[in-house]
Amino acid sequence: MELDFLHIAKPLISAPTAPFHEHFAFGIAHAFAAARPPIQVLHDRCGNSLLLYDGGGQQEEDEFIVLTAHLDHPGLVWRTSQGSGRALFEILGGVELEKALATGVRLFDLNRPATQRGIPGTIVRTVEAEGTHYPLVEVATARDNLQGPGTFAMWNLPAFRVRGRRLSGRAIDDLAGAAVALCVLDSLVRQQASVRLGVLLTRAEEVGFVGMLAALEAGFLPRRALYINIECSSVAAGAVLGAGPILRVGDRLWVFAPDISGGMAALADELASQQPTFRYQRKLMDSGACEATPLMQADYRTGAVALPLGNYHNAGPGAQLAPEYIHLDDANGLVRLLVHVAQRGIGTGLAHSAAALDSMLASRLAHYRDRLLPI
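Summarised in this report is the structure supplied together with it.

Cut-offs used in this document
- Residues numbered from 1 in each chain as written.
- Predicted model: local features only at pLDDT ≥ 70, side-chain atom pairs only at ≥ 80, totals over all residues.
- Heavy atoms only, no water.
- Buried < 20%, exposed > 50% of the residue type's maximum accessible area, 1.4 Å probe, protein only.
- Helix = DSSP H or I, 4+ residues; strand = E, 2+ residues; numbered from the N terminus.
- Pairing = 2+ DSSP bridges.
- Axes fitted to C-alpha atoms, helices over the stretch in contact; angles between N-to-C directions.
- Parallel < 35°, antiparallel > 145°, perpendicular 65-115°, else oblique.
- Left-handed = near helix turned anticlockwise from the far one by under 90°.
- Contact = heavy atoms within 4.5 Å.
- Nonpolar A, V, L, I, M, F, W, Y, C, P; charged D, E, K, R; others polar.
- Phe/Tyr/Trp six-rings, centres within 6.5 Å; stacked < 30°, edge-to-face > 60°.
- Lys NZ or Arg CZ within 6 Å of the ring centre and 35° of its normal.
- Expected span 1.5 Å × (residues − 1).
- Salt bridge = Lys/Arg side-chain N within 4 Å of Asp/Glu carboxyl O.
- Core = buried A, V, L, I, M, F, W, Y, C linked by side-chain atoms within 4.5 Å.

## Let's talk about the pairing of strand S5 (residues 86-92)
Logical step 1: Judged by how many residues are buried, S5 sits mostly within the fold: six of seven residues are covered.
Logical step 2: As paired strands, strand S4 (residues 75-81) and S5 are joined by six bridges and run antiparallel to one another. If you follow Ser81 over to S5, its bridge partner there is Ala87.
Logical step 3: One ladder, built from four bridges, connects S5 with strand S8 (residues 136-140); its direction is antiparallel. If you follow Ala87 over to S8, its bridge partner there is Val139.

Laid out in structure tokens, this is it:
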């Protein structure tokens, strides 16, 4: 399974991306689906995509699971040209500004091939601007022609690197989460599993979930589905890298559906009993927010999982930005867990969890009832 994850993850994580400029990552996801005919791809008017696998064995009205992940990462987007080899860019997404200003960038153009290596650039000054979270930054390059609309930049960091059990890159969040979702789809297709599962890939999460909000506003999302958001979440919230994927019970804004969380936990315990190498963590992960919150606010039944992430939003220990990183055991464990959840169903896990809890509570009362003498 690890080779499968790396095979699917490498092109996706290596794809240049930024808020509103996720086109290359979507192209990879759509090519993935086209190579697997059982997968149907639906689009909304804002560019979000829903990949649907229907292996039969379920009635049309049955609940089914939709995994969600976003395809953008904090970056810089062209605003105006400033003359030969210079342009102003807007920083979109949360980033440590001082470190960002000290880090080189690499410019990409949506009108050029997805395989482009990008043009190196340097941030030479900042310009205050109304209506922006950060000041605009002026970028200088050795090239005379900065293209204009469709031009964006990422931090000049290695795109994809594996060292031992660590996978690092400039945009692990949330392209690694999307890669996990595609691996789950791939596994179900290869097994010809008799289940139904969707993968929702969204845009512009890093500027406030706006891709997900647009999908909700358009009524794009199936109401009968159960949603599981996949994120890469900072280890600063208390998770341990390499200790297994996280069952995320909430974020800094909200908490998620307890029945889905409990059902997944029961299925995670079941998987651990079958596969002793499988481990997981259960955490709030409140150092950030994720797309499960707007789904919950729109009254969709939603749970969440996460990969523990180092150098969240490229905030490394040094004076400059650094690659993000995850542990391969966590990624492979999350694929295994979500395949198991898809095959067994949240309802099965919830029934086991509720029955076990009822039994435990009843046995406690039975054991101590006689000692509850009147005071």
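## Looking at the packing of helix H6 (residues 258-274) against helix H8 (residues 328-344)
Logical step 1: Remark: H6 packs on H8, axes separated minimally by 10 Å, with the N-to-C direction vectors making an angle of 110 degrees. By the angle class used here, H6 and H8 are roughly perpendicular. The two elements H6 and H8 cross, and the hand of that crossing is right-handed. Contact residues: H6 offers Met264, Leu267, Ala268, Glu270, Leu271 and Gln274, while H8 offers Arg336, Leu337, His340, Val341 and Arg344.
Logical step 2: In terms of residue class, the contact of H6 with H8 is made up of six nonpolar, two polar and three charged.

## Regarding the packing of aromatic side chains
Logical step 1: Tallying each qualifying case throughout the model produces three aromatic pairs.
Logical step 2: On the basis of an interplanar angle of 85 degrees and a centroid distance of 5.5 Å, the ring pair of Tyr227 and Tyr300 is categorised as edge-to-face. Taken as a pair, Tyr227 in strand S13 (residues 226-234) and Tyr300 in the loop between helix H7 (292-297) and strand S16 (302-309) lie far apart in primary sequence, 73 residues in all. Each member of the pair, Tyr227 together with Tyr300, is buried.
Logical step 3: Here Arg166 stacks its cationic end above the ring of Tyr325, 3.7 Å away from the centre of that ring.

## Looking at the sheet that holds strand S3 (residues 65-70)
In a beta sheet, neighbouring strands pair by backbone hydrogen bonds and run either parallel or antiparallel.
Logical step 1: One open sheet accounts for eight strands, arranged S1-S2-S12-S3-S13-S16-S14-S15; its pairing is mixed. With one partner strand each, in any of the chains shown, strand S1 (39-43) and strand S15 (281-283) form the two edges of the open sheet. On average, each strand axis in the sheet is tilted by 25 degrees relative to the strand beside it, whichever way the strands run.
Logical step 2: Note that S3 and strand S12 (residues 196-202) share six bridges and pair parallel. When the bridges of S12 are listed, Ile65 appears paired with Leu197.

## Topic: H8
Logical step 1: Counted at 1.5 Å a residue, the expected span for H8 with its 17 residues is 24 Å, and the 24 Å between its end C-alpha atoms agrees.
Logical step 2: Positive backbone phi, at 90 degrees, marks Gly345, one or two positions downstream of H8.

## Quick notes on the environment of Ala102
Logical step 1: Take Ala102: it is sitting in the loop between helix H3 (97-101) and strand S6 (105-109).
Logical step 2: A C-alpha to C-alpha distance of 7.3 Å links Ala102 and Ala319, two positions 217 residues apart in sequence.
Logical step 3: Contact partners of Ala102, with chain neighbours within four places excluded, come to Ala319 and Gln320.

## Notes on the pattern of salt bridges
Logical step 1: Here the structure, examined in full by the defined rule, presents twelve salt bridges.
Logical step 2: As a salt-bridge pair, Glu96 and Lys99 come within 3.6 Å of each other at their nearest N and O atoms.
Logical step 3: Relative accessible area serves as the criterion here: at 13%, Lys99 is assigned to the buried category.
Logical step 4: With its nearest N and O atoms 2.9 Å apart, the salt bridge here joins Glu270 to Arg344. Here Arg344 lies in helix H8 and Glu270 lies in helix H6, a separation of 74 residues in the sequence.
Logical step 5: Each of Asp4, Arg36, Asp186 and Arg190 takes part in one network of salt bridges that share partners.

## A word on the nonpolar core
Logical step 1: Residues Phe5 and Leu67 are the most contacted members of the largest nonpolar core, which totals 72 residues.
Logical step 2: Sorting elements by how many residues they give to this core places helix H4 (residues 172-191) first, with 13 residues.
Logical step 3: Not counting chain neighbours up to four residues away, the residues in contact with Leu67 comprise Ala181, Val184, Leu197, Gly198, Val199, Leu200, Ile228, Ile230 and Leu338.
Logical step 4: If you look at the next biggest cluster of nonpolar residues, it comprises 19 residues, including Val95, Ile119, Ile123 and Val139.

## Section: the sheet that holds S8
Logical step 1: Pairing is antiparallel in the closed barrel, where six strands are placed in the order S4-S5-S8-S7-S6-S9. Direction aside, the axes of adjacent strands within the sheet are offset by 45 degrees on average.

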